[in-house]
Amino acid sequence: MTTPETGRIAYGGDYNPEQWPDSVQDEDHRLFDRARIDTLTVGVFSWALTQPAEDTYDITVLDRILDRAAAEGRQVCLATGTAALPPWLARAHPEVNRTDFEGRRHRYGQRHNFCPSSPVYRRLAAALAGRIAERCAGHPALLAWHINNEYGGACYCERCAAAFRDWLRGRHGTLDALNDAWCTTFWSHRFTDWDEIEPPSALTEHWRGPDHTAFQSITLDYHRFTTDALLGCFRAEKEAIRRHDPHTPVTTNFMGAYRPLDYHRWAPHLDFASWDSYPPLDAPPTRAALGHDLMRGLKDGAPFWLMEQTPSTTACREVNPLRRPGELRLATWQAVAHGADAALYFQMRASRGACEKYHGAVIGHAGRDDTRVFREVASLGRELAELGPVTLGARTPARTALLFDWDSWWALELSDGPSRLVRYQDVVHTYYRAARAAGADVDVVAVTADLTPYDVVLAPVLHLVKGDLATRLEAVAARGGTVLTTFLSGRADTHDNAFLTDVPGPLAGLMGVRVDEWDSRPADTVNPVVLGTGDDTLRTEARLVFEIVLPRGAEPVGTYQEDFYAGTPAVTRHPVGASGGEGWYVATALDQPGVDWVVRRVLARHGLVGPYAGHPSVETAARTAPDGTRLFFLLNHAADPVPLTAHATAVDLLTGERTERGEAFALDPRGVRVLRLEPAVE
């Protein structure tokens, strides 16, 4: 759990000096000084330069880059460059090219174009990483290692088929165990020889694309296999680096809530987590915040690096909106508020050609320093430099956990029924957004995480319940905590086989409900739900899935208003044990106001509703520094000022302004305050 040692929040980003003559590099470094850039990620796609032929290496290109960075007082996150094959490799060893879902062997092109099961790829990638580490370890500019880049994709070639069979032997042991796990008595699929097993693709189990499969268990295992296969590539490079450099921290850049890879399986093998944040610019700010908290949760709450964000616009979407004035600063401070110890950009200088030439950059094609984007980057650089090391290593004191489970994500969206309109990430985000709107700090953690630090555990669409999870959730409630889960939870085991018991399976006792039937309707079909009683009521809307709940100890909190199940519970609360614990069950896809209402009441009983929860544009976050300093972040996502009353005496570390508890103040449009809280006077 080693993070790079820096004197302040690392600031900079992806730089490709190999694309530019010395005169341009001279100007770039001058501009880097103006913007307080101190960290450069280099060599990300340099394989064709550092190894121009199979038996030829030329690391001098990296020597020059590192020497120049050191001379300029900058540090480097040095990449191994193995994310895209060089043309000679694909030509000499065509088996390294991927075979796609439709069974087509690709020729050379694009990036992420290697078969993860190819021994040639692994051998040459690890050899290159070792050569670079042998040459560059100990260089004064070296700050961290960056292996590959944005791992992703899948391969369906014969080598992957053979590797999949080996992986299955390790996971299931025997064909009898595999046949039971995959329920192969269905449709005459019982396997009698390992070689009969094929990767699930458009040529085998799938129709209408990757999410339509006859055997969910087979496809679920192939997702797991692909995660492990790509992880094996990462580990091979890391081992090669470690033979020459046992200490410098190693990472690779993740992509937040990225469906193809289970990052929880990767987390133990990274020294620190890092990720590339590119939320749609019209998405609510909680989309990026969820990614930050997920990345922080990968390493048990340790700070992460924001490895990439755009300073202005992306280029990979059909439409690429521009960040408005102030949005870059706000997004960067949001990352810091959620645990980032670095704020880096893609890209430092705009590429002159190819598919990213219109992607946002700190320095545009004209190389000017008087653009709005450069001025904002430079202003933020000065602000971060002046803040210094205050936030480094600070942790988030969350008492609310949100369970995030890639297996449940895959299984839910592979399932035929009840509804393909239910999207895991959307439902999870709805509950995360509600908790954040209520002012709660949230740890986004794996289902295997230790739950003892938390008073509230949110587990929406927990489709698969694996191992001892049900027992650990019951323990949360038994000691007085609250567990919330939702429709389509507790449906299946680790192999995606249905539990042979009442829904929600192992969670039924904790939730105090039984579900025999469920109704799925098109997206435009609404069933009103009334939440609460008396003065504390809300009439809200529900869509997509409507489970029909039979209380078994739980009490109704909200009821359906239409159809034959009108008057039956849509939301229930189940008292658990003598310690005042509760299990909440939400049986339908409530709209955001409905989820907000439920989650706020869950948090309120534990005193976890924040002091600014009544201001919808205001985001708060807390961090505690290693020396015990309590930091409190206030961010205004609106384009108008917000009047607030100070909840504690504090000093704004960005301005030096002191605010007394109870004093009125205004949070500027898209404004940020980084408050050092002073101890309360008894």
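Anything mentioned here points back to the structure above.
So, here's what we can say about the structure. Every value quoted in this text rests on a predicted model; they were computed, and no experiment measured them. Counting of residues starts from 1 at the beginning of each chain's written sequence and follows it residue by residue. Since the coordinates come from a predicted model, pLDDT governs what is reported: local features require at least 70, and pairs of side-chain atoms require 80 or more to be given and counted, while whole-chain, interface and lining totals use all residues. Side-chain measures were taken over the full set of non-hydrogen atoms in the model, leaving aside hydrogen atoms and water.

**Some points on the overall build of the chain**
Per the secondary structure count, the chain includes 17 helices and 27 strands. In terms of overall dimensions, the chain is globule-like: its C-alpha atoms have a radius of gyration of 26 Å, near the 26 Å expected for 682 residues. By its C-alpha atoms, the chain is 75 × 75 × 40 Å across when sized along the principal axes. Residues counted as buried form 60% of the 682 residues belonging to the chain. We call two residues in contact whenever any of their non-hydrogen atoms come within 4.5 Å of each other. Contacts spanning at least 24 positions in sequence make up 72% of the contacts within the chain whose residues lie at least 6 apart. With the model as given, the accessible surface of the chain reaches about 26,400 Å², and the carbon-plus-sulfur share is 50%. Lys and Arg are tallied as positive, Asp and Glu as negative. Neither His nor the chain termini are counted. The location of each charge is read from NZ of Lys, CZ of Arg, CG of Asp or CD of Glu. Across the chain, the centroid of the 70 positively charged side chains sits 3 Å from that of the 89 negatively charged ones. Only DSSP runs of H or I reaching four residues or more are called helices, and only runs of E reaching two or more are called strands; each is numbered from the N terminus. The quantity called the radius of gyration is restricted to C-alpha atoms. Its globule counterpart is 2.2 Å times the number of residues to the power 0.38. Burial classification: accessible surface area is computed with a 1.4 Å probe over protein chains only, and a residue below 20% of its type maximum counts as buried, one above 50% as exposed, and the rest as partly exposed. With residues, only the protein chains shown are counted as cover, and all accessible areas are computed by Shrake-Rupley using a 1.4 Å probe.

**Describing the state of the cysteines**
The disulfide definition used here is simple: a pair of cysteine sulfur atoms within 2.5 Å. Applying the stated rule across the entire model yields zero disulfides. Looking at Cys-355, it has no disulfide partner, and the nearest cysteine sulfur is the one in Cys-316, 9.1 Å off. In this structure Cys-355 comes out as exposed when scored by relative accessible area, which is 68%.

**Comments concerning the sheet that holds strand β9 (residues 340-345)**
A pair of strands counts as paired when DSSP detects no fewer than two bridges linking them. One open sheet accounts for nine strands, arranged β5-β4-β3-β2-β1-β9-β8-β7-β6; its pairing is parallel. Both outer strands of the open sheet, β5 (250-251) and β6 (253-254), are each paired with one neighbouring strand and no more. Taken together, the four bridges between strand β3 (residues 75-79) and strand β4 (residues 142-146) define a ladder with parallel strand orientation. Within β4, the residue paired with Leu-78 across the bridge is Trp-145.

**Looking at the pattern of salt bridges**
Just to be clear on terms, a salt bridge is a Lys or Arg side-chain nitrogen sitting within 4 Å of an Asp or Glu carboxyl oxygen. A full pass over the atoms with the stated rule returns 53 salt bridges. Across the pair Glu-413 and Arg-259 runs a salt bridge whose closest N-O atoms are separated by 2.7 Å. Placement of the pair is Glu-413 in helix α13 (residues 406-414) and Arg-259 in the loop between β6 and α9 (263-266), with a sequence separation of 154 residues. Glu-413 sits in the buried class, given a relative accessible area of 5%.

**A word on the sheet that holds strand β21 (residues 618-624)**
Two orientations exist for strands paired in a sheet by backbone hydrogen bonds: parallel and antiparallel. On the basis of which strands lie adjacent, the open sheet formed by five strands has the order β21-β22-β27-β24-β25 and antiparallel pairing. Unpaired on one side and paired on the other, β21 and β25 (658-659) mark the two borders of the sheet. Where strand β24 (residues 650-652) meets β25, two bridges bridge the pair, whose relative direction is antiparallel. Bridged to Ala-650 within β25 is Thr-659. Across the face of the sheet, helix α11 (residues 327-337) comes into contact with β21, β22 (630-636) and β27 (672-677) while running at roughly 150° to β22. Orientation is described by lines fitted to C-alpha atoms, with helices fitted over the stretch in contact, and by angles between N-to-C directions that extend from 0 to 180 degrees.

**Observations regarding the environment of Asp-300**
Locating Asp-300 in the fold gives a position in the loop between α10 (285-298) and β8 (304-308). Residue Asp-300 is classed as exposed on the basis of its relative accessible area, which comes to 60%. When the C-alpha positions of Asp-300 and Trp-88 are compared, they lie 42 Å apart, and in sequence the two are 212 residues distant.

**Side note on the pairing of strand β18 (residues 569-576)**
For β18, the tally of buried residues reaches six of eight residues, placing the bulk of the element in the interior. Where strand β17 (residues 555-560) lies against β18, four bridges are found, and the strand directions are antiparallel. Along β18, the bridge assignment pairs Glu-555 with Arg-573. Bridge analysis of β18 against strand β19 (residues 581-586) gives six bridges, and the strand direction is antiparallel. Among the inter-strand pairings, Thr-572 is bridged to a residue of β19, identified as Tyr-585.

**Details of the packing of aromatic side chains**
Note on ring pairs: Phe, Tyr and Trp rings are taken, using the six-membered ring of Trp, and paired if centres are within 6.5 Å. Classes follow the plane angle, with under 30 degrees stacked, over 60 edge-to-face and the rest tilted. In this structure the tally under the stated criterion is 33 aromatic pairs. Taking 3.9 Å as the distance between ring centres and 5° as the angle between the ring planes, the aromatic pair formed by Phe-114 and Tyr-121 counts as stacked. Comparing Phe-114 with Tyr-121 shows no difference in burial state: the two are buried. Arranged with centres 5.0 Å apart and planes meeting at 80°, the rings of Phe-564 and Tyr-565 form a pair that is edge-to-face.

**Concerning the nonpolar core**
Judged by nonpolar contacts, the single largest core of 169 residues is most densely connected at Leu-78, Trp-333 and Leu-473. Take this core: its biggest share by element is ten residues, from helix α5 (residues 119-136). Once residues lying within four places of it in the same chain are set aside, the contact partners of Leu-78 are Val-42, Leu-62, Leu-66, Ile-132, Cys-136, Leu-142, Ala-144, Trp-145 and His-146. We call a set of buried residues a nonpolar core when its members are Ala, Val, Leu, Ile, Met, Phe, Trp, Tyr or Cys and they connect through side-chain atoms within 4.5 Å of each other. Residues Cys-155, Leu-168, Phe-191 and Phe-215 belong to the second largest nonpolar core, which totals 22 residues.

**Section: the packing of α5 against helix α8 (residues 216-242)**
Taken N-terminus to C-terminus, the directions of α5 and α8 make an angle of 30°; their axes are 7 Å apart at the nearest point. Viewed along their axes, α5 and α8 adopt a mutual orientation that is roughly parallel. Relative to α8, α5 is oriented so that their crossing is right-handed. Contacts from Tyr-121, Arg-122, Ala-125, Ala-126, Ala-129, Gly-130 and Ala-133 in α5 reach Ala-229, Gly-232, Cys-233, Ala-236, Glu-237, Ala-240 and Ile-241 in α8. Residues are sorted three ways: Asp, Glu, Lys and Arg are charged, Ala, Val, Leu, Ile, Met, Phe, Trp, Tyr, Cys and Pro are nonpolar, and all the rest, Gly among them, are polar. Looking at the contact of α5 with α8 residue by residue, the classes come out as ten nonpolar, two polar and two charged. Orientation labels follow simple angle bins: below 35 degrees gives roughly parallel, above 145 gives roughly antiparallel, 65 to 115 gives roughly perpendicular, and whatever is left gives oblique. Should the near helix be turned anticlockwise from the far one by less than a right angle, the crossing is left-handed, and should it be turned clockwise, the crossing is right-handed.

**A word on unusual backbone geometry**
Put simply, Phe-346 and Gln-347 share a cis peptide bond, and its omega is 10°. Structurally, Gln-347 can be placed in the loop between β9 and α12 (372-387). That bond from Val-503 to Pro-504 is cis: its omega, 10°, falls within 30 degrees of zero. Tracing the chain through its elements places Pro-504 in the loop between β13 (482-486) and α16 (508-511). Look at Arg-36: it is not a glycine, yet its phi comes out positive at around 60°.

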